[in-house]
Amino acid sequence: MMNLKGNPELTPKNLMRPLKNYGIACMSMGFLIEETAPVVWRGLMVMSAVEKLLRQVDWGQLDYLVIDMPPGTGDVQLSVSQNIPIAGAVIVSTPQDVALLDAHKGAEMFRKVHVPVLGLVQNMSVFQCPKCKHETHIFGTDGVKDLAKTLGLDILGDVPLHINIRETCDSGQPVVISQPQSDAAKAYHKIAMEILRRLPVPPA
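Residues numbered from 1 in each chain as written. Predicted model: local features only at pLDDT ≥ 70, side-chain atom pairs only at ≥ 80, totals over all residues. Heavy atoms only, no water.

> So what exactly am I meant to see when it comes to the pattern of salt bridges here?
It is possible for side chains bearing opposite charge to pair when their charged atoms get close. On inspection of all chains with the given rule, the structure shows seven salt bridges. Close ionic contact of arginine 55 with glutamate 51 constitutes a salt bridge, the shortest N to O distance being 3.1 Å. Here arginine 55 and its partner glutamate 51 are both found in helix α1 (residues 43-55), four residues apart, which amounts to about one turn of the helix. For arginine 198, the salt bridge is made with glutamate 194, and the minimal N-O distance between the two is 2.6 Å. Of this pair, arginine 198 and glutamate 194 both sit in helix α7 (residues 183-198), four residues apart, which is roughly one turn of the helix. (Salt bridge = Lys/Arg side-chain N within 4 Å of Asp/Glu carboxyl O. Helix = DSSP H or I, 4+ residues; strand = E, 2+ residues; numbered from the N terminus.)

Written out as structure tokens, the structure is:
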């Protein structure tokens, strides 16, 4: 999605240099293993990998460090939550009932480990036919909004189910870069602004 491939270089201090594109430094397990190799780690192996990606990378001066975690409440989430200070978590879910169950558990887990939940994002919220412009709620209508009310949290925004998002991701040219004036890009920008508004101001 970020048009990045290859193995990270090592610094003289034996730290990995993150790969960069669009002004963003990225690190992923995908850079460290073969492209088609599965990652089937649990327990200590997962914690070791998380530690490597966080503390053995020459991140340099960052504005924000964003960690994209898989759904659920497993080893990765617990390892990250318990080993580094987190300013806030954002829960992303489709409006579908099955996905909402994981989203609910995720929000409750972060609360239990004292990580502030900044809000929820409703992904694939609506599909608009490119020909007739008719809108269809394929995954349901307001599932994430209803969950937000249940949890007493804010909705940070909605991301539509749009072919441009899929195509630009697959081509490694995110829609916010390749089509910054599009409605899809504006949806992402709104979410980013809502997240920034809720993050604590770092000390000067």
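The structure having been displayed, the exposition proceeds.
> Any chance you could explain the environment of isoleucine 138 here in plain terms?
Here isoleucine 138 is to be found in the loop between β5 (135-136) and α4 (143-151). Expressed as a C-alpha distance, the spacing of isoleucine 138 and phenylalanine 127, which sit 11 residues apart in the sequence, is 6.9 Å. When residues no more than four places from it in sequence are discounted, the contact partners of isoleucine 138 are Phe127 and Leu161. (Contact = heavy atoms within 4.5 Å.)

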